[in-house]
Every structure is written in structure tokens, then in C-alpha cells.
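So you can see what is in the structure, the chains are spelled out below.
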There are 2 protein chains.
Amino acid sequence: MDSKGLLIVISGPSGTGKGTICKEVLKRNDFWLSVSATTRSPRKGEQHGKEYYFLTKEEFEAKIEERDFLEYAHVYNNYYGTPKSNVIEKLEKGKDVILEIDIQGAINVKKAYSEAILIFILPPSYEELKNRIVNRGTETEESLKTRLESANREIECSKEYDYVVVNDTVDAAVRRVESIILAEKCKLKKMQSLIYDKFLIKNQ
Amino acid sequence: MDSKGLLIVISGPSGTGKGTICKEVLKRNDFWLSVSATTRSPRKGEQHGKEYYFLTKEEFEAKIEERDFLEYAHVYNNYYGTPKSNVIEKLEKGKDVILEIDIQGAINVKKAYSEAILIFILPPSYEELKNRIVNRGTETEESLKTRLESANREIECSKEYDYVVVNDTVDAAVRRVESIILAEKCKLKKMQSLIYDKFLIKNQ
């Protein structure tokens, strides 16, 4: 078996509950959650290395120079990115790594690491997506419209993904994500060296 | 969601326990097991339509003429084959279909129906494969050697498959097969029409 770990990238429009799904998947399995780096200031209670690696602009730009990001973006005057060396080190050790990042970030990870498995989390219906956005806070008609349009633009990006998981219930969605990971481990490509080592070589 | 069912083809060398795995998968899930057709005589207790559809040579050859087999083979003077129309009808109705057939048959099904998902069941080790063959009956040194060589030729065919499932324990193997099926349902290709119908069309 190809003993490298899998890089599983989970994303989806806001209000789809991808955070809850990731938390549950991590609780039930021995995966490693990659922590992003950012130049924004820590909020109350946030710890360096837990929610984010909080870097200065200079530190972040030095890591860009060193090509030590799987992907990064500059959003509202701050950098956000996925540190590369940590992730690669875990994968090489056979550990499966989960990234929970935004949609454009996910697509960029796939460009940098083509074996990455991209999972798009989808709300069960358009109405449900609307409800979840409304329930998140006091929305004006106008901002609801903007958010829905943005969600739809994001949903169009799902065509770049490998899998789409509907979040109808957390349990069902978690089971789908776990199944995808287990199935990926059974793919021929992953199993070929095991077959060779354990069987074919013995019969020569 | 592409509402067609999945065609799941399970095979592997003899002594890998694929029959037990199939039985368990069918017990736990609402899949449809395709029944093969044959021209060999029914053994004691075998029922037409249960273990096999027992056909005459003429009936079988007429179905070959009508191209009503997904695959068929002529072995030791008897025909064996997978009737096509039954399977296609179930798939069209959204039912997932399981085929438990031999290795060459599986490869031929993929040629006839490229969406078929081929799962190869592998014993956990070469030693275990040997033990299972020995425990099956009174084997001479010579016939054991022949069977092992044949198993190894079959294992080489796994490279034509989509997935390889190690049968270390029945429970683990069943969980892998179920995961493969669930993951296949989450593949982008399967989900694209759902995404379009439920989301993108609403925002136009």
C-alpha cells in the first residue's frame, strides 16, 4: 500500500455547517487538522498554533518567498495561508491530513498537490441555505441577497471538486466524509505496492 | 443527483471470502443481487432464479444473439453469463446492483458498461491465501501449486480494477465495500445534476 497519508480538503459556502462536520470527523478519527497561518490579529481567546499561526507580515512574506505555502491569499489587507512543510511532513509519515479552507484555497491546493481530495459541503436545499444565512445574524434584504449570490457563485465552483457531500444531518454527512476517505484508501493506485509486495513478488 | 443506480462488481481469487462479504453487504443494504445464467445442470437444492437461471444451450445462445449478456463465458462445456436487461432495468430505476462474478467476467462487464465499479477482494497475505486453499479440501502438493499459481495470475488482474479490498476481517471488508459505494454516490459526476437543479437554476 502506498503508505503516504491522504490530504483531504473540506470546504463549502458559509452556512453549510462544514466546521461542525470537520469537528465531528476529527473527533471520531485519528486525522491531523492543519492549522492555517494569518497576519490578522488574534481575537480574544485565540491561541497561536491552535486557531491560527499568527505571523507578522514580514514572517508571512518570508514564507511566501520560501514557497512554504500550499496556498495563500490576501483578503481585506491580511494574509491567510496553508503552511506547506507541516502538511507534507505528516503525509510522508502516513498521517491523513484535513484542511478546512475556503473554496478558492481548496482549488489552489489541488493545483499545488494534485493528489489532494477535494470535498465540497452542500446544504440540503436552497431554502435551507437561505434559512441558515438568515439565522446567522440580522440580515437586511440587501445583504441577504449579496450573501446568496456569493453562495451561488461558490456552489458553481463545486465542479472543480472530487466529491460533493450534502449536509442534511451531521451524522449522515460525517459518514459520507469518512466513507470517501476509506474508499480513497482502497483505490487501486493506493493498493498496488501492497499487492506487489505481498503477493506477486512471492510467486517469482 | 444522477438517479441511476450503481453497478458494483465484486470478484477475487477463490479462497478470498468474496461470497461471505457479498452476503453480508446484501444483508445490511438494500441492493439487488444479479443472478447469473448457466447451461450447467442444477445441483441438489439449487433453484431456477435463485442460484442461477438454468437455461438450455439453445436458450443461452439465443440470448447471446440478442446481445442480452453483459458478459458470458464458455467453461468446461457450459455457458455462464450475466443477463443484461434485468441489470439495466434495475439501474435505470435507481437500484444499486451487485454482481459477484469471476475475474475475467468482471473485466468484460467494465468493457460493456464503463460506469461499472470493479472491486477486487484480496486475502490479507500470501500465507493466508495458501491456508484458505489448503483448508478448502484435500489438496496434493501438485494441485496446491497449480491453485496458487492460478490465484497469482488472478491477483495480477487486479490492476484492471477500480478498488482493492483486503479481507482481513469480514466486518472490516464489508465496511470498505459499503464505503466505496457511498463514496461513489458522492462523486462530483453523480452529484452535478442535483447541484444544478437545487441551486444554480434558482439563482438565474
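Look above for the structure.
In this text, all values refer to a predicted model and were calculated from it rather than measured experimentally.

J.: Got a minute to help me understand the pattern of salt bridges in this structure?
T.: In a structure, side chains of opposite charge can pair up when their charged atoms sit close to one another. Per the counting criterion, the structure on display carries 30 salt bridges over all chains. With a closest N to O distance of 3.2 Å, E149(B) and K145(B) form a salt bridge. Here K145(B) and E149(B) lie together in helix α6 (residues 141-156), a separation of four residues that amounts to about one turn. Among the residues examined, E149(B) registers a relative accessible area of 33% and is labelled partly exposed. Given the relative accessible area of 48%, K145(B) is considered partly exposed. The network of salt bridges with common partners includes E24(A), K27(A), R28(A) and D171(A).

J.: I tried to follow the interface of chain B and chain A on my own but got confused; where do I start?
T.: Many structure descriptions define interface size as the accessible area lost when the parts assemble. In this assembly, 36 residues from chain B lie in contact with 36 residues from chain A. A combined buried area of about 3200 Å² lies between chain B and chain A, and 70% of that area is made up of carbon and sulfur atoms. In terms of surface lost to chain A, no three residues of chain B exceed C186(B), L188(B) and F199(B), which account for 19% of the buried area on that side. Taken together, the links from chain B to chain A amount to zero salt bridges. Where chain B packs against chain A, one counts six residue pairs in polar contact (both at pLDDT 80 or more). Those elements that provide at least two residues to the side of chain B that touches chain A are α5 (126-136), α6, β9 (163-166), α7 (170-185) and α8 (188-198) of chain B.

J.: It is not clear to me how the packing of aromatic side chains should be interpreted in this structure. Could you clarify?
T.: Any aromatic ring pair is given by two values, namely how distant the centres are and how the planes are angled relative to each other. All names here are of chain A. Under the counting rule described, the total for this entry stands at 16 aromatic pairs over all chains. An angle of 15° between the planes, with centres 4.3 Å apart, marks the rings of F60 and F69 as stacked. For F69, a relative accessible area of 9% translates into the label buried. Seen in terms of ring centroids, F60 and Y72 are 6.3 Å apart; in terms of plane orientation they differ by 65°. Their pairing is edge-to-face. In this pair, F60 sits in helix α2 (residues 57-65) while Y72 sits in strand β5 (residues 69-75), placing the two residues 12 residues apart along the sequence. For F60, a relative accessible area of 0% gives the class buried. Pairwise contacts between aromatic rings join F60, F69, Y72 and Y79 into one cluster.

J.: What's the story with the relation of the copies chain B and chain A in this structure? I'm lost.
T.: Each of the two copies of the chain can be brought onto the other by a rotation about an axis and a shift along it. Structural alignment of chain B on chain A gives an RMSD of 0.0 Å, achieved by rotating through 180° and translating 0.0 Å along the axis. Look at the turn and shift together and you get a two-fold axis relating the two. By C-alpha distance to the rotation axis, the residue of chain B lying nearest is S179(B), at 2.1 Å. When the interface residues of chain B are mapped onto chain A, 100% of them again fall at the interface, so both copies present the same face.

J.: Any chance you could explain the sheet that holds strand β3 (residues 37-38) of chain B here in plain terms?
T.: Residue and element names in this part refer to chain B. A sheet is described by the order of its strands in space; here four strands give the open sequence β4-β3-β6-β5, paired in mixed fashion. Strand pairing shows two members of the sheet lacking a second neighbour, β4 (53-54) and β5 (69-75), which therefore form its edges. Relative to β4, β3 runs parallel, the two being bridged by two bridges. The residue of β4 that forms the bridge with T38 is F54. Those strands touched by helix α3 (residues 84-92) are β4, β5 and β6 (78-83), and its axis lies near 20° from that of β6.

J.: How do you make sense of helix α7 (residues 170-186) of chain A when you look at a structure like this?
T.: Within an α-helix, residues lying three or four positions from one another point in the same direction, as the helix has 3.6 residues per turn. Residues and elements named next belong to chain A. Between its terminal C-alpha atoms α7 stretches 24 Å, which fits the 24 Å expected from 17 residues at 1.5 Å a residue. Burial runs high along α7: 12 of the 17 residues are buried. When we look at burial in α7, the residues that qualify are A172, A173, V174, R176, V177, S179, I180, I181, L182, A183, E184 and C186.

J.: I keep staring at the sheet that holds strand β4 (residues 52-54) of chain A and nothing clicks. Help me out?
T.: Strands belonging to one sheet form pairs held by backbone hydrogen bonds; the direction of such a pair is parallel or antiparallel. Residues and elements named next belong to chain A. The sheet built from four strands is open, its strands ordered β4-β3-β6-β5 with mixed pairing. Lying at the two open borders of the sheet, with one neighbouring strand each, are β4 and β5. The mean angle between the axes of side-by-side strands here comes to 25°, regardless of whether they run parallel or antiparallel. Relative to β4, strand β3 (residues 36-38) runs parallel, the two being bridged by three bridges. Looking at the pairing, A37 lines up with Y53 of β4. Across the face of the sheet, α2 comes into contact with β3, β4, β5 and β6 (78-83) while running at roughly 45° to β6. Helix α3 (residues 84-92) contacts β4, β5 and β6 of the sheet and is inclined by roughly 20° relative to β6.

What counts as what
- Residues numbered from 1 in each chain as written.
- Chains lettered and ligands numbered in written order.
- Predicted model: local features only at pLDDT ≥ 70, side-chain atom pairs only at ≥ 80, totals over all residues.
- Heavy atoms only, no water.
- Salt bridge = Lys/Arg side-chain N within 4 Å of Asp/Glu carboxyl O.
- Helix = DSSP H or I, 4+ residues; strand = E, 2+ residues; numbered from the N terminus.
- Buried < 20%, exposed > 50% of the residue type's maximum accessible area, 1.4 Å probe, protein only.
- Contact = heavy atoms within 4.5 Å.
- Buried area = accessible area lost by both parts, 1.4 Å probe.
- Polar contact = N/O pair within 3.5 Å; in protein donor to acceptor, adjacent residues only side chain to side chain.
- Phe/Tyr/Trp six-rings, centres within 6.5 Å; stacked < 30°, edge-to-face > 60°.
- Least-squares fit on C-alpha atoms with pLDDT ≥ 70 in both.
- Pairing = 2+ DSSP bridges.
- Axes fitted to C-alpha atoms, helices over the stretch in contact; angles between N-to-C directions.
- Expected span 1.5 Å × (residues − 1).

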